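Listed below, chain by chain, are the residues.
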Amino acid sequence: MKSNAIRLDKNERLLSLDALRGFDMFWITGGSMLAVFLGEASGFDWLVHQMEHVEWVGLRMYDLIFPLFMFIAGVAIPYSIVSKLEKNVPRKILLGKVTKRMVILVILGILYNGALRGDLTNIRFASVLGQIGLAYFFASVIVIYTKSFRSRLYWLGGLLAGYAVIQLFVPVPGIGAGVLTPEGCINGYIDRMLLPGRLHGEVFDPEGLLCIVSAAGITLMGSVAGHFLREQNRTPWQKIRLLGIIGAGFLVVGLLLHPVYPIIKSAWTTSFNLAAGGISFLLMALFYMIIDVLKWQKWSFYFRVIGMNSIFVYLFVNFIDVSRLTSFLFGWAPEVLGDFGQLIWIIGWLAVVWAILYYMYRKQIFLRV
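What you are looking at is a predicted structure, and each value in this text was computed from that prediction instead of being measured. (Residues numbered from 1 in each chain as written. Predicted model: local features only at pLDDT ≥ 70, side-chain atom pairs only at ≥ 80, totals over all residues. Heavy atoms only, no water.)

### Brief notes about the packing of aromatic side chains
Argument step 1. Evaluation of the coordinates by the stated rule reveals 27 aromatic pairs.
Argument step 2. Ring geometry for F137 against F138: centres 5.5 Å apart, planes inclined by 65°, an arrangement best described as edge-to-face.
Argument step 3. Residue class for F138 comes out partly exposed when judged on its relative accessible area of 37%.
Argument step 4. Here W345 and W349 contribute two aromatic rings whose centre-to-centre distance is 5.9 Å and whose plane-to-plane angle is 45°, an arrangement assigned as tilted. Remark: W349 and W345 occur in helix 16 (residues 339–362); sequence separation between them is four residues, near one turn of the helix.
Argument step 5. Through successive ring pairs, a cluster of aromatic residues spans F23, F26, W27, F287, W299, F301, Y302, F303, W354, Y358 and Y361. (Phe/Tyr/Trp six-rings, centres within 6.5 Å; stacked < 30°, edge-to-face > 60°. Buried < 20%, exposed > 50% of the residue type's maximum accessible area, 1.4 Å probe, protein only. Helix = DSSP H or I, 4+ residues; strand = E, 2+ residues; numbered from the N terminus.)

Set out below in structure tokens:
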């Protein structure tokens, strides 16, 4: 997944994609802390709850961060892969690049899970980074080896429908079919049977084997959005309208399915993919309209700096003790100013992370996987 902005033509860049990626990463690099503080200070409990994952069934804002990231990775595929196919770059070269990217992300994910601590008997092999790498790989292979956009749509429909059939109609031994609980879903059964090491959910893993297949579906959704954004025979407003219609349609279908086929992020149900993918289409249309069409761009610079080093910042805030550095610089504030000082501390955290990313941006240092 490349962090650099995508070129629209020789003179213009698709700034909205990096801004949306940065907006997405903002919430897991300090933005959620700010939202929780503001929600608690104002008594707005709804906002506080939106910054938490649902236990199993349902959908909150925090549950959209990961699928939106996968969707954004898919948006880049027509620019990074299809454009090269059109220039007759051999498929095996492109396959080699996406394979290398997948291997690096899987390894980074295992390291992120603590492989260097030495306890290899209890390590978790599934990971967020691994799922990103594998899902992007599968979606890219489909794009590389299909000859038309219509064929990719068939693949997308097949993934979404096939995954639903597996979850609803393939029986789990001793439990039955369509039991969408942590213990009863077929995702957990396959993870327990085939996935080595420790499972994040004990009886299932939200980045497990079947979940990777489902995540490839939302990545393909992103490639559909990227295809339409890259088209030259549509006006920008036609593209916005089309992305909005598709997004609204997916979201409505996902919500309509929810009573009979629940929206479950941890199991990556097709209803979840449709709802999350629909919201992702709508956000992509909104950011594209504001930033690339209306040219209201200055406000987005903060997010673009984050988005251009998304993998780095994800690793950075988890490997580096940012709170210690923030307390060194702003630890006086809560002691002196109370609750307002706590707000200053949180803003200080965001400023520290962004300052490091801005330095890398100025030096053109980007972690590209």
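Next comes the rest of the account.
### Examining the side chain of T269
Argument step 1. Here T269 is to be found in the loop between helix 10 (236–257) and helix 11 (270–293).
Argument step 2. At a separation of 3.1 Å, a polar atom in the side chain of T269 contacts the side chain of S271.
Argument step 3. Residues contacting T269, with those up to four places away along its chain left out, are Y163, Q167, Y261, P262, I263 and I264. (Polar contact = N/O pair within 3.5 Å; in protein donor to acceptor, adjacent residues only side chain to side chain. Contact = heavy atoms within 4.5 Å.)

### A word on unusual backbone geometry
Argument step 1. Not every positive phi belongs to a glycine, and E202 is a case in point at roughly 70°.
Argument step 2. Considering the arrangement of structural elements, one finds E202 in the loop between helix 8 (186–194) and helix 9 (209–230).
Argument step 3. Even without being a glycine, Q364 presents a positive backbone phi close to 55°.
Argument step 4. Residue class for Q364 comes out exposed when judged on its relative accessible area of 55%.

### Re helix 10
An α-helical turn contains 3.6 residues, so a residue and the one three or four places further along point in the same direction.
Argument step 1. Counted at 1.5 Å a residue, the expected span for helix 10 with its 22 residues is 32 Å, and the 32 Å between its end C-alpha atoms agrees.
Argument step 2. Of all the residues in helix 10, the buried ones are K239, I240, L243, G244, I246, G247 and G254.
Argument step 3. The inward-facing, buried residues of helix 10 abut helix 9 and helix 11. (Expected span 1.5 Å × (residues − 1).)

### Quick notes on the environment of R152
Argument step 1. Among the secondary structure elements, R152 is positioned in helix 7 (residues 149–169).
Argument step 2. Using a relative accessible area of 12% as the deciding quantity, one classes R152 as buried.
Argument step 3. Those residues in contact with R152, other than ones at most four positions away along the chain, are V82, V143 and T146.

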